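Chain and residue survey
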Amino acid sequence: MYFLNSDTLKNRAEKFCTPKLDQLDKIYQELKVQPLEPIQDNDPLPDDIIDAFEIQEIFGLQEQLFKNYGQPTQICYIANNKKFVIIGTTKAVIICLQIHNGRVEKVQALFNVGNERYGPVTSFNNFGDMLLVGFFRGDIQIYEINKKWEKMQHLSQVHKSRIISAEFTFELHNKVYTLEALSFDDQGILMKHSFYIVTMLDKMMVKSSQDIIYENGNIKNQQKPPQISRQNSWWDSAKSALSTNSKDFDTQSTRSSQSFISKFQSDQKTILLNDDEDKSNRIALDMKIMPQNIANQLNIDVKKNRVVALQYYNRVDIIKIYADKLQCEIIYTLKRNNISLFEVNEKENGDMSWGQGYFNKSLQGALLLHIRWGETFHLVKLLSIENELEIVEGAVFVHDRSNSIIKSSFLTNNIIYVVQNQDTISFIHTTQFQFVKGDEENIDMNEKSRSLSKEEDLKPQQPDIEICYNHKLSQQATQIYNNGIVTIKQEKIYLQRLQTWKEFLELFLQKNKYLAALHSGMLIYQGTLRIIADIPSSFSERQLIMKNDLEKIGFTYILFILNKVDEKELPLQYEELCREIKKVFKYLIKTDNTQKILTDILDLFKEQGQLKLFFINLEQFIINKQIQQVSESFFIDLVTYYRQTEQNHMISKLILSLEIKNSDVTHMLKVCMDLQLYRPMIYLLNKQGDYITALIKLLDLWETKKQLEDNCKEHIQKQHLKSDREKVGIYILAYTRMCQKGINILGEKVPQVMFKHMLRGFMLFLFNFEIMVQFITIDVSTSLQLLLNFFQGRLNQIILSHDQSEQYINLKQYDDYVIANYPIELIQKMVQPIYLAYRQLQQITLQEKHYFAMFFSKLMIQYPFKSQFTSEIIQILLTKEYYNTLVQKSITSFSDQQEFELYQSSYLINTFIQSAISKKQMMEFQLQTNQYPELLAFLYFKDKKYQECCETYVQIQNQLIQQNLFEVIEGLLQDKKQKEIIQAVCIKLAPKIIQINQQAIFTLFKKYFTDLNTQKSIIQALEENPKIKMLYIRDQIISGEQVQDEIKLIYIELLCQTEPKGVLKELMQRNYPLDETLNYCKQYKIIDAMAFILQKRGQIQEALDMLSQIFFTKLRESHKNFAKIKTILLSDKQEIIEKLEYILNLCLMSQKEDIQYEGLWYQFLDNFFKEYKLKQLSDTKVPFQIRDLLCEIVSNVFNSMSKCVNLDVLIDKIELNYGEVPIRTFLQTNQSIKNKYEFESSIFKHAIEISKFDYIEQLSQYRNQMAKAVQSSQKCFICENNIDEGISVILFQCYHSYHHDCYIEQFANNSESFNSHKLKSSKIVQDCFVCLEDDTQLFNNKLLQLHLKRLGIDQQKYFCVSQVEPVKQQLDSKKSNKITKII
């Protein structure tokens, strides 16, 4: 085992010689078929899209009619054998008009003339010959409107308020013919009517009954049916955006009739109530019965029951009613405050309608309920689940015309018709609605009550189409029927309708505008043009119906063009006809029937003898990849034509654009092989999931070209053939590389299962001797690298499978290839055809031989196996020419020579590790490896010559390779048998090994050389280099391991010899034997360390004497140097202060341990003042630097003493022993004491006497200043403006004054003033800014403030004008003699 990390070696070997296959990736990009990209259609829309909406005015209406009988409120259009318009007015009159050829032919009937008491007509509904009418007062009438035009029955005030809607529901053929109907008023009361019709003597007689079955959320006069359990409903997970308790929607069962305080408004927007109850919970808006066609799709039997939607201001109730029964059932309650974006507004209108359309941009039609409140539209999707109606999704559309909508309703599939104020109507397509998702966080458990989450970020949108009338006509009455609308505006009747798509296209065909018809038809076909009637709601149904008509239009126009074609025409005219044909092609190809259409168009051109013209116009669509399906007959004709015209590239482009789906491509493959179209051939096979056949065909093509090249005698032609063969060869290699990556020719990833089968096929095909020779001959270097990929990485885990018990495996018979580790026998069988190909190849160059050596060496690194050519390969690897080849071909490239040699060594060592060579061969190789020193070290290692191995590493000049030595040593040290031998080698080579990497070898020493003898041996080996020896011992000590005292003393002695200044620091950090260490310090005269040891031994006095001696010696030296150079060096001053700190620390620590050592301070001071007289501290004749140094020394001493000595005692003793000069020096130099000056009275006394400052005069001036107060002529020292009367100011005893605001603002930004944090926290003013710049003035002011405090004056830090007088009185009450006495 070799102890270099195997993974590191393999990674380096892999990087050292890995041929780059980037050139194949570039070829693959050329080989790859680009994906189809949609062609942008920039053709403009037809000019008159809105022409699909027709508006027809009915002429002949007498204006006097409405003046006599009231303004229109409701309208009904009946188109049977005869056409009638029935109009209801504000005076309850019903006007029946017969219409013929767009004119009013006659007034068929007038009803209720003179009965204005009924109120305006509010509702019309007809069923056969019967007309049901509702009135504002609550009356209901029924008329016969076919034969006799007579009133059948009048029900007076069956409702207590306005009837919103009245509609027929059931036709019953019982004993008596019965029509059932519903009427709904604006108080939410739903009433069921039964009209019994009997015909006697050609006269119809009607009797009726009516009952309230539903009232504003409550089922009347019956027990509620049991709730039906529903599952898997989208509503079960929908969240209420505004949580509303379901009980809010259960109102009282009884309602009092309401008196209306306003007349019926012409725009029918709202009815106001005169009570204070919640209008939003009880005012109804609309009723709509589900149409029969929608009910049939939901499996609802309309003969037995009907579904009715009731709209209120706050909700929509969906109920089911039953034929011939007074029974109803609540299906759903859709809460408005959960589906609407705005709050409930009782003044806005609303309506509903049932319809079909696309939902949420789906291509499939859906059954929908449209609900509108104000300008907000909602769609809910209906489904039949287990024969029960379910509402599963919701969507919202907010109209951008706020408060202008009068009416809306489904006009036809997908289209909602909206009537707006005065002059505008608009059409909303259902795909414009924005989908609203549910949320599972808040589930409404009431099964009958459903909620939709609202989207708060919805913005108003514009409808798909808006139409504005030329004249602003007030909309009076509107009714929607089938695809049309009948409207009365300003006493004029208009019939409006959407054309069907066939009618719309017919308009273009009548004008021979075939291209416009095709373009418009394609827009309808694709769903771009949407406001058209009779379009199926299902996208597939629409295309199925429309494509035949589009083809018919296109073929008609093509035939029309071909009849005009004359090749003798001018080129410009001919080109114009070609452009027309291309436009027709463009529209027809867009349909989903391209294959049939192309065949039919081709046949049409054949019949007309214009086959050339067909392919000329088809060429553009082939190039743009717009043809994706063709029939076999079409393909044959296309190939025949393009082969005759020598345009094989067009055949290739067509094949590469085809969408092959389980089609028979045999004929296409034959064409590709005949024409040598290898890209289309690969495309066809890959699309069929066949990857091997393409390789086989390409190799056959390459072999054919090679034979032609070998047989060719003419030089130039031979070069052309060689170029063609090489081109095919590079495509073969690129295709192999592509398949190895698991990518097909489209650039798509091959599915994993198919990828496994593909690799199995490649292995079985390529690892055949004849094929292997052919494959390698294409390009030796690239081919071998591709073959090596089958043994590496991800591929070697999925190609082959094996049974470990098998001794020999026949590769040809091997079928299940899924393994991670190969049997050695199998590897040898796979390598055998490659080796035979190596031997078989003739005229192999030296470079190609090197490529084979690289291949086999890398294979041996990964899979150790015995082979007859192992020795031969190694011999090649040891030659310089081999590496020259790698460098020249850029197979190996590194930034510098050292990195190259490192990776080269790893490559060679890997090869030797995995190759099974004998010891004799190993010895022979040792003689050849002098140029590869690390390989030689490895061979010594294999021969167990560990000392030679280590010595070889030490001698290597390459620093990167030398670092591997430590990994080898550590591996050997872990072997208990070899440990002592390796320790001896390391100790012997220690001086040299340390120079390679000091930290690495020290780490090994600490880990594996722990006993005292080995440590001594290492130290002895390092004897010639004391510095390295000291570093080694220091590393041992710093590591925290237990180190023998003997080793520590060796280190101390070395330290005394080499770094005497570091001895004290070392002694302070770690424990050493004191006696022996003291002897070494004495021997080498390291006094500070000696003093430290003496202190630790308790010999404080001796330590102080020794430190004082060092201190005074250094101080004298600095004075001598000053006499010479007239300055004190900074280094000398720092050293003096440092040695002083030793003394002070000794005194301080000693006194803290024992109070008896307090006298050490004075002992040192005595010695100091004996050496230097007191006068030198203040004598100006003494040089300033010396005087400053001496003052600093004294100040440091006093400062240290103040930490453990009472200040009073300290001051007294200093004054007693040394006089006033040290005190003055102390006060002037010690800044920390000055800043925190809080002395007792005795300190004040001494300080004032020493400073000799006349404070009595100062106090007098201060009192005079306050007595004068603040004068207007004074200026603020911050802003420099005058201080006016009545303004708050700050006045200091130093006569400086400030505006109060200026001072506070400036103080917050002043970083120089002390205790500024106190101001910020407590807002107390501290000091004068002017005086802060003068230390003497500052100190005097501070003393003065403290004196005022002692006098008992409530002295503030600042004074305002209003506060001056009280302070003056306080000062007057104090006598100056008292001040004098205190001072």
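Figured I'd write up the structure that's included with this text. Just so you know, these numbers come straight off a predicted model, no measurement behind them.

A few words on the overall build of the chain. Along its length, the chain carries 54 helices and 33 strands. In the chain, which comprises 1383 residues, the proportion classed as buried is 52%. Residue pairs at least 24 apart in sequence account for 62% of intrachain contacts in the chain once pairs closer than 6 positions are excluded. With an accessible surface of roughly 67,000 Å², the chain has 46% of that area assigned to carbon and sulfur atoms.

The antiparallel open sheet is built from 4 strands, whose spatial order is S2-S3-S4-S5. Edge strands, defined here as strands with exactly one partner in the open sheet, are strand S2 (72-79) and strand S5 (103-111). Taking the axes of each pair of neighbouring strands and ignoring which way they run, one obtains an average angle of 20° across the sheet. Sheet topology places strand S4 (residues 94-100) next to S5; 7 bridges connect them, and they run antiparallel. What sits directly across from Gln98, in S5, is Lys106.

Moving on: the state of the cysteines. A full pass over the atoms with the stated rule returns 0 disulfides. Considering cysteine sulfurs only, Cys76 is the nearest to Cys96, which forms no disulfide, with 9.4 Å between them. With no disulfide of its own, Cys1056 lies closest to Cys1081 among cysteine sulfurs, the gap being 4.7 Å. We classify Cys1056 as buried; its relative accessible area is 4%.

Whether parallel or antiparallel, the strands of a sheet pair through hydrogen bonds between backbone atoms. Judged by pairing direction, the sheet is antiparallel, and its 5 strands sit side by side in the order S10-S11-S12-S13-S14 without closing on themselves. In the strand order of this sheet, the two ends are held by strand S10 (163-173) and strand S14 (218-219), each with one partner. In terms of strand pairing, strand S13 (residues 203-215) meets S14 through 2 bridges, oriented antiparallel. Across the sheet, Tyr214 pairs through a bridge with Ile219, a residue of S14.

About the thresholds
Each chain has its residues counted from 1, following the order in which its sequence is written. Confidence filtering applies because this is a predicted model: local features only for residues at pLDDT of at least 70, side-chain atom pairs given and counted only at 80 or more, and all residues used for totals across whole chains, interfaces and linings. Computation of side-chain values covers all heavy atoms of the structure but excludes hydrogens and water. We count a stretch as a helix when DSSP gives it H or I for four or more residues in a row; a strand needs E for two or more, and each element gets its number in order from the N terminus. We call a residue buried when its accessible area falls under 20% of the maximum for its residue type, exposed when it is over 50%, and partly exposed in between, using a 1.4 Å probe and counting protein chains only. Whether two residues are in contact is decided by their heavy atoms: any pair within 4.5 Å suffices. To be clear on the numbers: accessible area is Shrake-Rupley with a 1.4 Å probe, and residue cover counts the displayed protein chains and nothing else. Note on pairing: DSSP must find at least two bridges between two strands before they are called paired. Every angle, taken between N-to-C directions, lies between 0 and 180 degrees, and every axis is a line fitted to C-alpha atoms, over only the stretch in contact when it is a helix. The rule for a disulfide is simple: a pair of cysteine sulfur atoms within 2.5 Å.

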